[in-house]
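Residue-level listing of the chains:
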Amino acid sequence: YDPDKLKGKKVIFVVGGPGCGKGTQCERIVAKYGYTHLSSGDLLRDEVKSGSERGKKLTEIMEQGKLVPMETVLELLRDAMIAKADTSNGFLIDGYPREVIQGTEFESNIQECDCVLYFECSAETMTERLLGRAKTSGRVDDNEETIKKRLDTFYSATEPVVSHYEEKGKLRKINAEREVEAIFADVCAALDGKEG
Ligand code: B4P
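All residue numbers refer to position in the chain's written sequence, counted from 1. Restriction of local features to residues with pLDDT of at least 70 applies here, the model being predicted, together with a cutoff of 80 or more for giving and counting side-chain atom pairs; totals for whole chains, interfaces and linings are based on all residues. Working from all heavy atoms in the structure, the side-chain values ignore hydrogens and water.

Q: Sorry, what's going on with the site of the ligand here?
A: Being near a molecule or strand, for a residue, means having at least one of its heavy atoms within 4 Å of it. Taken together, 30 residues form the shell around the ligand, and within it Gly21, Ser40, Lys66, Gln102 and Arg150 come nearest. Within the backbone of Cys20, one N or O atom sits 3.1 Å away from an oxygen atom of the ligand. In the model, an oxygen atom of the ligand is placed 2.9 Å from a nitrogen or oxygen of the Arg45 side chain. Against a free-state accessible area of 1000 Å², the protein chains account for coverage of 86% of the ligand. Runs of H or I in DSSP of at least four residues are treated as helices and runs of E of at least two as strands, each being numbered from the N terminus. At the level of secondary structure, the elements contributing two or more residues to the shell around the ligand comprise helix 1 (22–33), helix 2 (40–49), helix 6 (123–137) and helix 8 (180–191). Top element by residues in the shell around the ligand is helix 2. It accounts for 4 residues. Nitrogen and oxygen atoms within 3.5 Å of one another constitute a polar contact, given that in protein one can donate a hydrogen and the other can accept it, and given that sequence-neighbouring residues count only through two side-chain atoms. Per-residue accessibility takes into account occlusion by the displayed protein chains alone, with areas from the Shrake-Rupley method and a 1.4 Å probe.

Okay, structure coming up:
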């Protein structure tokens, strides 16, 4: 792997609790700004679908609402970034970092991030959205019991990520409690550097 391939590429991290609307907003960001969207959750679900030994272990962890080992996610992300490096003008990394060390490892081994979009949402709203999605998603982790555990994981492991990047002046906090379009307007303002 040639580390220089990813040097200087724009990197935006996207964080927020389970069901905050990360995936939904990322689709819109990609349509407008043309960044390459890499969702750590999607990469992991693809690995599960592949039927590999590693995939089987991942299903168990995700069913428990826990975080999979950092090395696995980082490897999947790096491979996906390298595959797109020649054609991409920037990467939107959705669902990563989930814990502070994921961020620091990524930044020291791959590339520093430009900013971190944080979708702030109440536990009630997130739960309601995920239970809504559960009706059609077929995802092993969209059920009441796992949702509770995913929320716990978010508050203990990922909230520190938010303060970490706030201290660095890189956090862009978005109120994600609203309609998709209203949220996206704030996302654009944040990405264009026009927020108050
Ligand atoms: P993810 O796939 O990242 O799942 P998620 O947090 O639920 O977010 P998702 O993007 O799917 O949902 P969204 O909020 O967009 O992670 C799943 C699991 O993978 C984790 O629990 C963990 O085990 C593992 N994992 C992932 N990344 C990892 C990492 N870095 N390290 C270790 N483990 C990792 O949308 C939810 C629903 O809300 C949708 O139905 C959507 O339509 C709806 N919605 C969105 N915006 C809305 C709005 N404004 N109003 C109403 N509904 C809205």
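Still more to cover.
Q: I'm lost on the packing of helix 2 against helix 3 (residues 53–63) in this one. Help?
A: The relative placement of two packed helices is expressed as an angle between their axes plus a distance between the axes. A fitted line through C-alpha atoms serves as each axis, taken over the contacting stretch for helices, and the angle formed by two N-to-C directions is quoted from 0 to 180°. Contact geometry of helix 2 with helix 3 gives a least axis separation of 8 Å together with a crossing angle of 125°. In this view, helix 2 runs oblique relative to helix 3, as classed from their interaxial angle. Helix-helix and strand crossings are classified by hand; for helix 2 and helix 3 the assignment is left-handed. Of helix 3, the residues touching helix 2 (which contributes Gly41, Leu44, Arg45, Glu47 and Val48) are Arg54, Gly55, Leu58, Thr59 and Met62. Throughout this entry, Asp, Glu, Lys and Arg are counted as charged residues, while Ala, Val, Leu, Ile, Met, Phe, Trp, Tyr, Cys and Pro are counted as nonpolar. The remaining residues, Gly among them, count as polar. When grouped by side-chain class, the residues that make up the contact of helix 2 with helix 3 number 4 nonpolar, 3 polar and 3 charged. By the definition adopted for this analysis, an angle is roughly parallel if under 35 degrees, roughly antiparallel if over 145, roughly perpendicular if from 65 to 115, and oblique otherwise. When the near helix sits turned anticlockwise from the far one by under a right angle, the crossing is termed left-handed; a clockwise turn instead gives a right-handed crossing. Any two residues whose heavy atoms approach within 4.5 Å at even a single point are treated as in contact.

Q: Would you take a moment to explain the nonpolar core for this structure?
A: Grouped burial of nonpolar side chains is what soluble globular proteins tend to show. Side-chain atoms within 4.5 Å link the members of a nonpolar core, which is a set of buried Ala, Val, Leu, Ile, Met, Phe, Trp, Tyr and Cys residues. Burial classes: relative accessible area under 20% of the type maximum marks a residue as buried, over 50% as exposed, and values in between as partly exposed (1.4 Å probe, protein chains only). The biggest cluster of nonpolar side chains holds 31 residues, and the ones touching the most others in it are Phe13, Leu77, Met81, Ile93, Tyr96 and Phe106. For this core, the element with the highest residue contribution is helix 4 (residues 70–84), accounting for 6 residues. Leave out the neighbours within four places in its chain, and Tyr96 touches Phe13, Val14, Val15, Ser40, Val73, Leu74, Leu77, Gln102, Gly103 and Phe106. With 24 residues, the next largest nonpolar core counts Ile12, Cys115, Met126 and Val187 among its residues.

Q: Whenever I open this one, the packing of helix 5 (residues 100–109) against helix 7 (residues 144–167) confuses me. Can you help?
A: Relative orientation of the contacting elements helix 5 and helix 7 amounts to 50°, with a least axis distance of 8 Å. The angle between the axes of helix 5 and helix 7 places the two elements in the oblique class. Two secondary-structure elements touch here, helix 5 through Val100, Gly103, Thr104 and Glu107 and helix 7 through Ala157, Pro160, Val161, His164 and Tyr165. By residue class, the composition of the contact of helix 5 with helix 7 is 5 nonpolar, 3 polar and 1 charged.

Q: Would you explain the pattern of salt bridges in this entry?
A: Side chains that differ in charge, positive against negative, can pair when their charged atoms come close. For this document, the term salt bridge refers to a Lys or Arg side-chain nitrogen within 4 Å of an Asp or Glu carboxyl oxygen. Tallied over the full model, the rule gives 15 salt bridges. The partner of Arg133 in a salt bridge is Asp142, with the nearest N and O atoms 2.9 Å apart. Relative accessible area serves as the criterion here: at 32%, Arg133 is assigned to the partly exposed category. With a shortest N-O distance of 3.4 Å, Lys149 and Glu145 are connected by a salt bridge. With a gap of 4 residues between them, Lys149 and Glu145 both fall in helix 7, about one helical turn apart. Taken together, the shared-partner salt bridges connect Arg133, Arg139, Asp141, Asp142 and Arg150 into one network.

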